[in-house]
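Secondary and tertiary structure notes
Take a look at the letters that make up each chain.
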Number of protein chains: 2
Amino acid sequence: MGSFVNSSRNGGGGGAVVDKGVDFAQYFCTYGFLYHQKEMLCDRVRMDAYFNAIFVNKQHFTGKFWEKLLRGHSALLVYCEVLAHSDYPGKWPFNVLVVKVVLDVGTGSGILAIWSAQAGARKVYAVEATKMAEHARALVKANNLQDVVEVIEGSIEDITLPEKVDVIISEWMGYFLLRESMFDSVICARDRWLKPTGVMYPSHARIWVAPIRSGVGEHKMGDYQSTMDDWCDFVDETKTYYGVDMSVLSKPFAEEQKKYYLQTSLWNNLHPNQVIGSTAILKEIDCLTATVNDILEVRADICSSITLENTRFCGYGGWFDVHFRGRKEDPAQQEIELTTAPSVDNGTHWGQQVFLLHPPIRVSEGDNLSVSFSMNRSNENHRLMEVDFSCEIQPVSGKLIPRFSNKFYIE
Amino acid sequence: MGSFVNSSRNGGGGGAVVDKGVDFAQYFCTYGFLYHQKEMLCDRVRMDAYFNAIFVNKQHFTGKFWEKLLRGHSALLVYCEVLAHSDYPGKWPFNVLVVKVVLDVGTGSGILAIWSAQAGARKVYAVEATKMAEHARALVKANNLQDVVEVIEGSIEDITLPEKVDVIISEWMGYFLLRESMFDSVICARDRWLKPTGVMYPSHARIWVAPIRSGVGEHKMGDYQSTMDDWCDFVDETKTYYGVDMSVLSKPFAEEQKKYYLQTSLWNNLHPNQVIGSTAILKEIDCLTATVNDILEVRADICSSITLENTRFCGYGGWFDVHFRGRKEDPAQQEIELTTAPSVDNGTHWGQQVFLLHPPIRVSEGDNLSVSFSMNRSNENHRLMEVDFSCEIQPVSGKLIPRFSNKFYIE
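Worth saying up front: this structure is predicted, and the values here are computed from it rather than measured.

**Looking at the interface of chain A and chain B**
The interface is formed by 49 residues belonging to chain A together with 49 residues belonging to chain B. Counting across the interface, chain A meets chain B through two salt bridges. Ionic pairing is found between Asp-230 of chain B and Lys-38 of chain A, a salt bridge with its closest N-O pair at 2.5 Å. At the junction of chain A and chain B, the tally comes to 16 residue pairs in polar contact (both at pLDDT 80 or more). Taken together, the residues that form the side of chain A that touches chain B break down as 28 nonpolar, twelve polar and nine charged.

**Notes on the domain arrangement of chain A**
Residues and elements named next belong to chain A. Each domain of chain A was delimited in the assignment, giving domain 1 (20-71 + 94-171) and domain 2 (208-410). Contacts between the two partners involve 18 residues from domain 1, matched on the other side by 19 residues from domain 2. For the pair domain 1 and domain 2, the summed buried area comes to about 1,500 Å², and 60% of that belongs to carbon and sulfur atoms. Where domain 1 packs against domain 2, one counts zero salt bridges. Across the contact surface, domain 1 and domain 2 share five residue pairs in polar contact (both at pLDDT 80 or more). Listed by contribution, the elements that provide at least two residues to the side of domain 1 that touches domain 2 are helix 1 (20-26), helix 3 (44-55) and helix 4 (59-62). It is helix 3 that provides the largest number of residues to the side of domain 1 that touches domain 2, a total of six residues.

**A look at the UniProt feature "domain: Protein arginine N-methyltransferase" (unreviewed entry) in chain A**
When the UniProt feature table is mapped to this numbering, "domain: Protein arginine N-methyltransferase" (unreviewed entry) covers residues 222-391 of chain A. Segment residues 222-391 of chain A splits into 23% helix and 44% strand. End C-alpha atoms: 24 Å apart.

**Quick word on helix 11 (residues 216-242) of chain B**
Under the 1.5 Å per step criterion, the end-to-end length of helix 11 of chain B is 37 Å for 27 residues, consistent within 8% with the ideal 39 Å. Restricting attention to buried positions, one finds in helix 11 of chain B the residues Gly-217, Tyr-224, Thr-227, Met-228, Trp-231, Phe-234, Val-235, Thr-238 and Tyr-242 of chain B. Elements in contact with the buried residues of helix 11 of chain B: helix 2 (34-41), helix 3 and helix 8 (111-118) of chain A together with helix 12 (250-262) and strand 12 (352-363) of chain B. Directly beyond the C-terminal end of helix 11 of chain B, a positive phi value near 65° is found at Gly-243 of chain B.

Conventions and cut-offs
What you see as residue numbers is a count from 1 along each chain, following the sequence as written. Chains carry letters and ligands carry numbers; both start at the beginning, A for chains and 1 for ligands, and go up in the order they are written. Side-chain atom pairs in this predicted model are given and counted only at pLDDT of 80 or more, local residue features only at pLDDT of at least 70, and totals for whole chains, interfaces and linings cover all residues. Working from all heavy atoms in the structure, the side-chain values ignore hydrogens and water. Any two residues having at least one pair of non-hydrogen atoms within 4.5 Å are treated as being in contact. Whenever a carboxyl oxygen of Asp or Glu lies within 4 Å of a side-chain nitrogen of Lys or Arg, that contact is scored as a salt bridge. For this analysis, a polar contact is any N or O atom pair within 3.5 Å, provided that within protein one partner can donate a hydrogen and the other can accept it, and provided that sequence-adjacent residues contribute only side-chain to side-chain pairs. Gly falls in the polar group here, along with every residue not listed as nonpolar (Ala, Val, Leu, Ile, Met, Phe, Trp, Tyr, Cys, Pro) or charged (Asp, Glu, Lys, Arg). The domain limits used here are those given by an automatic or database domain assignment. By convention, the term buried area covers the 1.4 Å-probe accessible surface removed from two parts as they join, with the contributions of both added. Only runs of H or I of at least four residues qualify as helices and only runs of E of at least two qualify as strands under DSSP, and these elements are numbered from the N terminus. UniProt positions are given in the numbering used here, feature names are shortened, and annotations may be inferred rather than shown by experiment. Any helix carries an expected span of 1.5 Å times its number of residues minus one. Throughout this description, buried means an accessible area under 20% of the type-specific maximum (1.4 Å probe, protein chains only), exposed means over 50%, and partly exposed covers the range between.

In structure tokens form, the structure reads like this:
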């Protein structure tokens with residue numbers, strides 16, 4: 001999932017009770033628009049990854065018995081295997097051949113659920129919190145899959161399924177992976193509904209960071225300064241014409257504008273040549289075992305070596321990747337990767353998140369950045385993040401640049 | 001008040017219970033930003049109107065006794081008048097000279113409350129629902145008015161005042177006057193807190209409409225057609241590459257986009273020469289007596305005569321004005337008008353609301369438009385509106401253009 005419109009800062013941080021009405025007004029609502037669904041459906045990299053992950057790994061969706069038959073194994077031997085399988089005492093052999101049950105968390109238009117059904121699943125539960133569920137239902141019917149795909153409108157935390165599932169598939173990733181905190185819902189679904197033998201699609205996720213160069217920082221600083229100059233004129237005029245001294249608001253205004261122009265992470269589609277140092281992993285998630293606690297706070301200490309001669313360290317670029325590996329006991333036939341790393345041709349609607357430094361810092365090839373990172377949920381809205389970077393630079397030649405810290409907001 | 005970010009359609013229509021958390025997340029939140037307050041404070045037409053309304057009508061704020069003294073009346077005679085006044089049995093004569101109490105509904109930065117105090121009010125209650133109240137408090141203190149102005153953070157519907165007030169001042173007007181439905185809160189304040197002798201600032205409000213010409217409609221139609229062409233390609237590609245037939249969603253997508261591009265009213269700063277016919281009043285409000293019921297539905301049948309030779313009727317332009325007239329028994333010294341009509345030099349941050357027709361209609365000087373108008377609150381969000389225009393055109397020469405209807409959304 002990409003962006004959502006955030007208009008307020010209500011709701012709790014990690015663990016706090018979130019008012020459902022407020023959560024709907026702030027978060028879920030944009031997903032009720034077809035235009036927004038279309039934007040995600042037009043992301044070819046995203047679509048290709050999920051499409052391939054499903055269709056090259058049909059055994060997770062169809063069932064190994066059926067797959068074996070398709071691959072030419074002896075029908076009799078397969079039948080014996082079926083009968084011996086603890087799941088299926090006394091069932092019709094043909095029914096049990098198509099054995100997989102899938103849960104699509106946040107089905108949106110229903111695309112993943114439809115693919116899961118087309119890949120051979122016996123049953124797909126497609127859960128969607130918004131009125132988009134009605135469109136998903138229409139789409140399922142129009143594609144003749146209403147006997148397999150059951151669209152359920154509701155929150156995954158609230159709804160009840162008649163059975164546990166073999167696969168949980170979901171496209172839950174937000175900017176910088178965890179913005180939107182939708183993975184909480186996937187974890188909840190997994191803990192409630194995934195069989196002990198079940199697999200997660202995707203199975204793994206990682207957050208990456210690298211030092212970058214960018215011209216955007218200068219613009220933002222210019223905009224900020226412009227806004228502050230304008231404020232000064234405004235204070236003068238309001239005093240002159242209207243007899244009210246607004247100068248006491250200058251400090252809070254500056255803080256508000258600084259946060260908006262200089263401290264809020266930006267969506268950007270970085271060119272690979274903007275990455276000026278080695279990339280590093282900030283977090284690795286095993287989707288089968290991760291808990292909400294594991295992701296409430298993300299902390300990492302990493303190093304990055306500058307790879308470009310005589311350049312400007314303008315800030316940090318962040319992105320994520322996910323992998324579809326199945327599980328150890330039931331691996332994917334072929335591992336598929338969906339990456340949102342800076343790319344010339346394979347950009348995604350997620351872009352990257354850019355955290356700008358003001359001013360940029362001159363660095364050179366071989367200089368070493370020692371970075372501490374931490375990310376927490378915003379107290380006012382658990383779906384938004386507060387990020388702290390602190391960095392020390394050991395140049396190849398020259399004096400150590402002592403540790404400097406910057407706070408950012410992912411809005 | 002100008003714009004607010006609407007991100008959802010929750011909450012009830014007129015009369016329904018509105019969830020406060022949701023209302024905050026959708027409506028109040030943008031008013032918590034100094035940047036937004038500044039935009040309104042920089043609207044010179046708005047500022048001048050309120051400033052003048054208050055300072056040329058000080059008797060509403062200072063009290064007639066004090067005003068009389070200032071104008072040279074005999075102190076002894078004024079004192080006798082004070083003692084005789086039913087409000088002030090046995091009070092100190094000097095205290096009672098500054099006798100007016102003011103309530104500022106939705107004080108924001110506190111500007112109107114501060115002016116009211118500077119104009120001589122004994123006490124000003126400045127009520128503000130958002131955290132902007134903290135800034136208002138600081139501003140009051142920085143302007144040495146903390147003994148007069150008491151900032152109260154809360155909803156006017158919930159808070160309690162220690163006394164009734166002589167003046168309710170508020171800048172509650174939204175686009176096309178009633179967007180945001182803030183006047184409901186002013187009515188509530190009036191019914192709870194205004195003395196029988198009290199005055200409303202402003203005292204009157206009117207909604208206006210006129211036929212207009214505009215180039216924007218063509219752009220919107222172009223954007224809409226572009227989006228639909230893009231959708232068709234998307235449906236083809238999704239079928240070809242991903243085996244899913246999305247055509248069942250074409251109709252709801254077209255409706256969603258039609259609503260967005262063609263049926264949503266636009267903010268515009270109209271030039272007076274874009275007004276192609278006589279203006280007409282859709283609604284008149286007496287702020288002293290209006291009830292919520294009076295404004296739940298706005299209906300009007302009006303006529304407009306085209307004033308331009310051979311032009312295009314591209315849609316309807318709507319705006320409002322308010323007046324500060326005091327009350328019949330206690331009128332303003334000087335009536336002040338705040339108008340948002342199309343103007344070259346005196347535009348406001350409200351602009352006008354434009355309701356576009358597709359395609360435009362050729363009309364000529366003297367042609368008569370017979371228009372029926374109705375406006376109701378949106379079921380999903382009582383602060384947003386649904387508008388119906390129906391129009392019949394009797395040309396000076398030529399055949400009647402039979403009644404055609406258009407629905408619009410004020411988002």
